[in-house]
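# Chain and residue survey
For reference, the chains in residue letters:
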Amino acid sequence: MKSPKGAPHQPATDLVTAGRQYSEHGIVSPGVYHASTILYPNTDALRAQNQPYTYGRKGTPTSRALEETIAQLEGGHACRLTPSGLAAVSAVMMAFLNSGDHVLVTDSAYRPTRNLCNGLLQRMGIETTFYDPLIGAGISDLMQPNTRLVMTECPGSQTFEMQDIPAIVKAAHAHDALVAIDNTWSGGHYFKAFEHGCDISFQAATKYLVGHSDCMMGCITVAEEHWERFKDAYEQMGLCAGPDDMYLTLRGIRTLDVRLERHMKSALDIAEWLDGRDEVAEVLHPGLPGAAGHDIWKRDFKGASGLFGFVLKTRNQQAVDAFLNTLTLYGMGYSWGGFESLVIPCDVTSYRTATTWDREGHLLRLHIGLEDVRDLKEDLENGFKAMAALV
Ligand SMILES: *Cc1c(COP(=O)(O)O)cnc(C)c1O
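The following paragraphs examine the structure supplied in this document. Model, not experiment: these values are computed from the prediction. (Residues numbered from 1 in each chain as written. Predicted model: local features only at pLDDT ≥ 70, side-chain atom pairs only at ≥ 80, totals over all residues. Heavy atoms only, no water.)

## Focus on the sheet that holds strand E3 (residues 127–131)
Read from one edge of the open sheet, seven strands run E1-E7-E6-E5-E4-E2-E3, paired in mixed fashion. The open sheet has two edge strands with one neighbour each: strand E1 (78–82) and E3. Between one strand axis and the next, the sheet turns by 20° as a mean value, whatever way the strands run. Relative to strand E5 (residues 178–182), strand E4 (residues 147–153) is paired through five bridges, and the arrangement is parallel. By the bridge assignment, methionine 151 is partnered in E5 with alanine 180. Strands strand E2 (102–106) and E3 of the sheet are contacted by helix H5 (residues 111–123), whose axis makes an angle of about 145° with E3. (Pairing = 2+ DSSP bridges. Helix = DSSP H or I, 4+ residues; strand = E, 2+ residues; numbered from the N terminus. Axes fitted to C-alpha atoms, helices over the stretch in contact; angles between N-to-C directions. Contact = heavy atoms within 4.5 Å.)

As structure tokens, then:
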């Protein structure tokens, strides 16, 4: 990445300086423009439609500052925003698929992504095949003449399979299909999707970019080759995001590097600690040496975030409930990526179709927040004690 003066900067520096050209009056943060109507000075300007801002939905200095910052973070050509992460998923599907097309979606995909495939897309005559996340170059065998898009998610946000993205990209491109990645887990900071050949990278910015669990946001970054097609569909769908939410997202991004570093450090510490516990059958954290997917993570990723899973030895519901209900620092709730720790029980057996989840014990997912890791371990220790009384 180049600064305006041409000197190369590190990604952490870009997170601080990107979008700054939209700031005014020496104020560090770009202004938060609340806009629908944007006035034209005269009839010539109205006819020409070439002023930088023409209508609230089509962009303001607030949206441009955030979009350019995210495009720089992801390393893609340009970015657009959606009111949620799920809206980013549907925008990608709508932009790149036509009726009669076929899309390949990883079996580890975010569950509402599956619902979109089995609902709206199917209704529109778009066929989905779910595939084994570990398929790698074998994806070639699933390609049909009408396969236009391969959706990846790396790692899966409940079971943490690491996908071999470069191998999938190679196979997809050989069949003229595009590759999109749900890059939410890495925040775009720890996985550079475009350097690995992806055509589209989208995120639930709701998670690490916002980082404070206080607003919803989605973002889609696209390679230059495919930008016009995406932008056109995006505009036809009338998508945009709210100014205060865009402000919160840009504000979150400024501290992404330090937050992720802490999430990574604490989560790895706890993952290792869990790995050594008798109550735990398996830790699902690709950043943990020896864990599934670690080699791919080491090859392709620059870091790990704070979300991972672990499988208990027991499936005893009462014991699992006792564990969960004893925790005080880990809130139970959906979403993740904020400063706070979370825990959620997962059951992936009910909806997967291309793979079977065969672990015996109960699967739990942790989001490790920014609390002191000693307190976080002690809380888990108390949970295990409550569990021990029942198994
Ligand atoms: C949360 C999430 C989404 C959806 O984002 P929302 O902002 O909640 O709509 C998409 N993908 C992944 C991996 C997620 O975790």
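## A few points about the packing of helix H4 (residues 85–96) against H5
H5 packs onto H4 with a crossing angle of 45° between their chain directions and a minimal axis gap of 10 Å. Viewed along their axes, H4 and H5 adopt a mutual orientation that is oblique. Relative to H5, the crossing made by H4 is right-handed. Along the contact surface, H4 presents Leu86, Val89, Ser90, Met93 and Met94, while H5 presents Pro112, Thr113, Leu116, Cys117, Leu120 and Leu121. Here the contact of H4 with H5 is composed, by residue class, of nine nonpolar, two polar and no charged. (Parallel < 35°, antiparallel > 145°, perpendicular 65-115°, else oblique. Left-handed = near helix turned anticlockwise from the far one by under 90°. Nonpolar A, V, L, I, M, F, W, Y, C, P; charged D, E, K, R; others polar.)

## Details of the pattern of salt bridges
By the definition in use, this model includes 15 salt bridges. The partner of lysine 377 in a salt bridge is aspartate 269, and the shortest N-O contact between them spans 2.8 Å. With a gap of 108 residues between them, lysine 377 in helix H12 (residues 373–388) and aspartate 269 in helix H9 (residues 256–275) connect regions that are remote in the sequence. Judged by relative accessible area, aspartate 269 falls into the partly exposed class, the value being 30%. Here the residues in one salt-bridge network are Arg64, Glu67 and Arg80, joined through shared partners. (Salt bridge = Lys/Arg side-chain N within 4 Å of Asp/Glu carboxyl O. Buried < 20%, exposed > 50% of the residue type's maximum accessible area, 1.4 Å probe, protein only.)

## Thoughts on the site of the ligand
Near the ligand, the surroundings consist of Ser84, Gly85, Leu86, Tyr110, Glu153, Ser157, Asp182, Ala204, Thr206, Lys207, Met216 and Trp336. A distance of 2.8 Å is found between an oxygen atom of the ligand and a backbone nitrogen or oxygen belonging to leucine 86. Within the contact set of the ligand, an oxygen atom lies 2.5 Å away from a side-chain nitrogen or oxygen of lysine 207. Expressed as a share of its isolated accessible area of 380 Å², the protein-covered part of the ligand is 92%. The class makeup of the residues in the shell around the ligand is five nonpolar, four polar and three charged. (Near = heavy atom within 4 Å. Polar contact = N/O pair within 3.5 Å; in protein donor to acceptor, adjacent residues only side chain to side chain. Areas by Shrake-Rupley, 256 points an atom, 1.4 Å probe, with all protein chains shown as cover.)

## Observations concerning unusual backbone geometry
Across residues other than glycine, the phi torsion is negative in most instances, and most of the peptide bonds are trans. In the segment running from cysteine 154 into proline 155, the intervening peptide bond is cis, with an omega of -10°. With respect to the secondary-structure elements, proline 155 resides in the loop between E4 and helix H6 (165–174). In the Ramachandran plot, phenylalanine 160 falls in the positive-phi region, its phi being about 60° despite a non-glycine side chain. Following the sequence through the fold, phenylalanine 160 ends up in the loop between E4 and H6. For aspartate 176, which is not glycine, the phi dihedral falls at a positive 60°. For aspartate 176, the position within the fold is in the loop between H6 and E5.

## Digging into the sheet that holds strand E11 (residues 342–346)
Overall, mixed pairing links the five strands, which are arranged E8-E9-E12-E11-E10 in an open sheet. Here the strands that pair on one side only, and so sit at the sheet edges, are strand E8 (280–284) and strand E10 (331–332). Summarising the sheet, strand E9 (residues 307–312) and strand E12 (residues 363–367) pair through five bridges and their orientation is antiparallel. Its bridge partner being in E12, valine 311 is matched across the sheet by leucine 363. Packed on one face of the sheet, H9 meets E8, E9 and E12 and runs near 10° to E9. Each of E9, E10, E11 and E12 touches helix H11 (residues 317–326); the most contacted strand, E12, lies at about 10° to it.

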